[in-house]
Amino acid sequence: MVLPRPYAVQLLLVAAILLCLPLFVLSSLGDKSIPFQNYLRKCLIANCSSQDKLMHFEEVQPHYMQLLGWNCKEECKYHSMWNTVHHFIKHKLEVPQFYGKWPFIRILGIQEPASVIFSVLNGLANIYMMWRMRQRIPKKAPMYNIWQGYAMIASVAWVFSTIFHARDVGWTEYLDYFAAFALTITGLWTACIRIFAYQRDSMNVKIAVPITLVLLCIYVRHVYYLAKIHFDYGYNMKVNVIVGICMSLLWVSWSLYRIKRQPYLWKTIATVIIGNLLVLLELMDFPPLLWTFDAHSLWHAGTSPMPLLFFSFCIDDSLYLLQYSEGFKKGV
């Protein structure tokens, strides 16, 4: 089968953009500043420079802090960060980021409490809608397994997001970034499969397989770059934004084209518009309000109800495809 010309152009454009993704670099200055280095050096000498001092530190530190990985050096970094923040504020200087992150007041050892709470809400919303789809959509319905898999990946991604924001260390950061991009690229994959591969009552494998392989290669390339070449927050964010824009263009153009026949497609358009407006928070990246609510946490807060809307579309669309499929088989 030959794809309709607008869809073929869209697919080629998406592939071209994704395969030519540029690399970007981001750095922070707070942990490199002289005040921070002075505070850190003094703290390490006073608390972590001998076995006796380390033993005393471990004796007085709460167990939950130890479980979260707040060792002597990390404690010194945290307190030196706040001493530096107070130094910058006292001298009326702009507060910088430290190790690529804004300063946050931790609660019970949780490094970014607001982002943790909102990540949990996002995860619960996805789990609820995964259960809701199982209640509403027959298993024989087209796209049922795809939407279930997508909801499962989303739930896992938000679990890793919760872990990462609770404690930012190497392995939690890797899990969060890789899972988040898996969710983003899977979102683009579901859009491509639904728009290009589903025809009448079945999936066209000749279209689905190339789409899957291209997007899988993009995911592997991205993960390899972060894991083996340079782990860069700025690059990762820009790649996710580009993939998100491609997904948005596909959903909106397809929905506008078919909305007269499928009125429920307003839900995809609304999801895309709301989602892209919320992405502006990520791009703003301002210092945390009350040293708790930064742009990233507010973005998580805004996305938490979105699974309710998007997976409502998935339910409606699966039932539409099922009705169309049954009617097609009966020759209606």
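The present account deals with the structure reproduced in this document. Remember, it's a predicted structure, so these values are computed and weren't measured experimentally. (Residues numbered from 1 in each chain as written. Predicted model: local features only at pLDDT ≥ 70, side-chain atom pairs only at ≥ 80, totals over all residues. Heavy atoms only, no water.)

## As for the pattern of salt bridges
(1) Moving on: Going through the model one piece at a time under the given rule, you end up with seven salt bridges.
(2) Moving on: Where Glu112 meets Lys101, a salt bridge forms, and the shortest distance between an N and an O atom there is 2.4 Å. Here the residue Glu112 occupies a position in the loop between helix H5 (72–90) and helix H6 (113–136), and Lys101 occupies one in the loop between H5 and H6, the gap between them amounting to 11 residues. Across the pair, Lys101 and Glu112 agree in class, each one buried.
(3) Moving on: Among the charged side chains, a salt-bridge network with shared partners connects Glu74, Lys77 and Arg167. (Salt bridge = Lys/Arg side-chain N within 4 Å of Asp/Glu carboxyl O. Helix = DSSP H or I, 4+ residues; strand = E, 2+ residues; numbered from the N terminus. Buried < 20%, exposed > 50% of the residue type's maximum accessible area, 1.4 Å probe, protein only.)

## A short note on the state of the cysteines
(1) Moving on: Here the structure, examined in full by the defined rule, presents two disulfides.
(2) Moving on: The side chain of Cys43 participates in a disulfide bridge whose partner is Cys76; the two sulfur atoms lie 2.1 Å from each other. Its S-S torsion of approximately -80 degrees makes the covalent link between Cys43 and Cys76 left-handed. With Cys43 in helix H2 (residues 34–47) and Cys76 in helix H5, the pair connects residues that are 33 residues apart, well separated along the chain. The exposure classification of Cys43 matches that of Cys76, with both residues buried.
(3) Moving on: Put simply, Cys48 and Cys72 are joined by a disulfide, and their sulfur atoms are 1.8 Å apart. On the sign convention where negative means left-handed, the S-S torsion of about -85 degrees between Cys48 and Cys72 marks this disulfide as left-handed. One end of the pair, Cys48, is in the loop between H2 and helix H3 (51–60); the other, Cys72, is in helix H5, and 24 residues separate them in sequence. A single burial state applies to Cys48 and to Cys72, both of which are buried.
(4) Moving on: In the protein, numbering the disulfide-bonded cysteines from first to last in sequence yields the connectivity 1-4, 2-3. (Disulfide = S-S within 2.5 Å.)

## Some details on the packing of helix H11 (residues 266–284) against helix H12 (residues 295–303)
(1) Moving on: At a closest axis distance of 8 Å, the pairing of H11 and H12 adopts a crossing angle of 165 degrees. Relative to H12, the element H11 is oriented roughly antiparallel. Seen from above, H11 lies across H12 with left-handed handedness. Contacts between H11 and H12 involve Leu278, Val279, Leu281 and Glu282 from the first element and Ala295, His296, Leu298, Trp299, Gly302 and Thr303 from the second.
(2) Moving on: The residue makeup of the contact of H11 with H12, split by class, is six nonpolar, three polar and one charged. (Axes fitted to C-alpha atoms, helices over the stretch in contact; angles between N-to-C directions. Parallel < 35°, antiparallel > 145°, perpendicular 65-115°, else oblique. Left-handed = near helix turned anticlockwise from the far one by under 90°. Contact = heavy atoms within 4.5 Å. Nonpolar A, V, L, I, M, F, W, Y, C, P; charged D, E, K, R; others polar.)

## Concerning the nonpolar core
(1) Moving on: The biggest cluster of nonpolar side chains holds 55 residues, and the ones touching the most others in it are Met133, Trp147, Leu188, Trp251, Phe310, Phe311 and Phe313.
(2) Moving on: For this core, the secondary structure elements donating two or more residues are H6, helix H7 (144–166), helix H8 (170–197), helix H9 (205–229), helix H10 (233–258) and helix H13 (306–329).
(3) Moving on: For Phe310, the residues in contact, after removing those within four places along its chain, are Trp147, Tyr150, Trp251 and Thr271.
(4) Moving on: In terms of nonpolar packing, the next biggest core, distinct from the first, is built from 16 residues, Phe36, Cys43, Tyr78 and Met81 among them. (Core = buried A, V, L, I, M, F, W, Y, C linked by side-chain atoms within 4.5 Å.)

## Focus on H5
(1) Moving on: With 19 residues, H5 should cover 27 Å at 1.5 Å per step; its first-to-last C-alpha distance of 27 Å lies within 8% of that length.
(2) Moving on: Taken as a whole, H5 has its buried residues at Cys72, Glu75, Cys76, Lys77, Tyr78, Ser80, Met81, Trp82, Thr84, Val85 and Phe88.
(3) Moving on: Looking at the buried positions of H5, the neighbouring elements they touch are H2, H3 and helix H4 (63–67).
(4) Moving on: Of the residues that open H5, the one with a side-chain oxygen 3.3 Å from the backbone nitrogen of Lys73 is Asn71.
(5) Moving on: The first or second residue beyond H5 is Lys92, which carries a positive phi of 55 degrees. (Expected span 1.5 Å × (residues − 1). Polar contact = N/O pair within 3.5 Å; in protein donor to acceptor, adjacent residues only side chain to side chain.)

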